[in-house]
Amino acid sequence: MSTLHTAHTSAHEGAHGTLRDYLIGFGLSVILTAIPFWLVMGDVLESKAVTGYVIMGFAAVQIVVHMIYFLHMNAESDEGWTLTALVFTIILVAITLAGSLWVMHHLNVNMMPGMGPEAHAHPSS
Amino acid sequence: MDRAVTLPEFDTTVFYDPDEHEHAPGGSTLLGFWIYLMSDCLIFAVLFATYGVLGSSYAGGPRPSELFDLPLVALNTTMLLLSSITYGFAMLEARRRRVATTQFWLAVTGLFGAAFVGIELYEFVHLFHEGATPQTSAFLSAFYTLVATHGLHVTVGLIWLVVLMVQVGQRGIMPANQRRLACLSLFWHFLDVIWIGVFTFVYLLSTLR
């Protein structure tokens, strides 16, 4: 129990970042934000699909950078419960996003021709 | 029935900590606040999913590539990112218990945050003048709901920030105020994380379509 108690009291101070952490996080964020904007605004890549996947990749990396350097996520804080809550949330978010997009996409595809929202807006495509 | 009688005395096996051990005041506040943020994350997940589903239902109205002003969004993103690092500086000063510099960095954070909200409102007013209101199409309804919910969070964060500046000024940086600053720190950086999703999925990806 004694180890549990010490962990309990130290946890309430929360995880701390150092000046170095904040500066690294900021530097990485600036780079990870600037590149996607540049890719889209400058029409750098030929394929729009590739650009889309690349900027989604940058967003994912930047979220991790923020989690580590700004939110100071680690496996130790509050005996791992912060990380457990985060992982649980990520699973729920993934189910919500993927499930909604998947179900609604198929609903649109299986609609009768001419009923989908796309049909009215731009018949040419 | 016989077996039940031969069981050992029940009180001897205790499955919980019988002693009332000490809890530091506010010891679980940060974890509780983190769990609140995770539930907030689910609100945004649902709004993102709604936008993902309805984002291409223009109903003959304007398309994202005609509406969105990416340099303005880039400026907005810069404001929020700068406010994140200045809040970090405020936290570092708060740990050294320097009231004046903590308040200074909180004020700088507040100014960047206010600039963010101001630019977002300017963008909305501009869109309204172009006739792109929430009633125009499902895409715009979903867009305003998601982006304005984030903007509302930032506004609440700004109010909280001002309250904390006053509290730090009146009572100094005692443990309770340090805990409050740490909670707002989580809230503020969390909003920046959500904004990464907004500028990537709402502004950049929609413009590509």
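From a predicted model like this one, the values you see are computed outputs, not experimental measurements.

Please clarify how the overall build of chain A should be interpreted in this entry.
Within chain A, the secondary structure is distributed over 5 helices and 0 strands. Counting from the amino terminus, chain A carries its helices and strands in the arrangement α-α-α-α-α. Looking at chain A residue by residue over its 125 residues, the buried ones come to 19%. For chain A, contacts bridging at least 24 residues in sequence account for 61% of all contacts bridging at least 6.

Would you mind showing me how to read unusual backbone geometry here?
Note on backbone geometry: most residues besides glycine have negative phi, and most peptide bonds are trans. Residue and element names in this part refer to chain A. The residue D43 is not glycine, and still its phi comes out positive at about 50°. If you trace the backbone, D43 turns up in the loop between α2 (19-41) and α3 (48-69). Residue D43 is classed as exposed on the basis of its C-beta count, with 10 C-beta atoms lying within 10 Å. Its identity is not glycine, yet H72 carries a phi of approximately 50°, on the positive side. Summarising the element assignment, H72 is placed in the loop between α3 and α4 (81-109). The buried category is assigned to H72, around which 22 C-beta atoms lie within 10 Å.

Sorry, what's going on with the confidence of the model for chain B here?
Reading predicted coordinates in detail is not appropriate for stretches of low pLDDT. For chain B, the average pLDDT comes to 91, and 91% of its residues sit at 70 or higher. In the predicted assembly, ipTM is 0.85 and pTM is 0.85.

How should the environment of S100 of chain A be read in this particular structure?
Relative to the helices and strands, S100 of chain A is located in helix α4. Using a count of 17 C-beta atoms within 10 Å as the deciding quantity, one classes S100 of chain A as partly exposed.

Honestly, the packing of α2 of chain A against helix α4 (residues 70-95) of chain B in this entry has me stumped. Any pointers?
The angle between the axes and the distance between the axes are what describe a pair of packed helices. Here α2 of chain A crosses α4 of chain B at 175°, and the two axes come no closer than 10 Å. Here α2 of chain A lies roughly antiparallel to α4 of chain B, going by the angle between them. Here L19, Y22, F26, S29, V30, T33, F37, V40 and M41 of chain A of α2 of chain A come into contact with α4 of chain B, specifically with L70, A74, T77, L81, I85, G88 and L92 of chain B. Among the residues forming the contact of α2 of chain A with α4 of chain B, the class breakdown is 12 nonpolar, 4 polar and no charged.

What counts as what
- Residues numbered from 1 in each chain as written.
- Chains lettered and ligands numbered in written order.
- Predicted model: local features only at pLDDT ≥ 70, side-chain atom pairs only at ≥ 80, totals over all residues.
- Helix = DSSP H or I, 4+ residues; strand = E, 2+ residues; numbered from the N terminus.
- Buried ≥ 20, exposed ≤ 12 C-beta atoms within 10 Å, placed from the backbone.
- Contact = placed C-beta atoms within 7 Å.
- pLDDT = per-residue confidence, 0-100.
- Axes fitted to C-alpha atoms, helices over the stretch in contact; angles between N-to-C directions.
- Parallel < 35°, antiparallel > 145°, perpendicular 65-115°, else oblique.
- Nonpolar A, V, L, I, M, F, W, Y, C, P; charged D, E, K, R; others polar.

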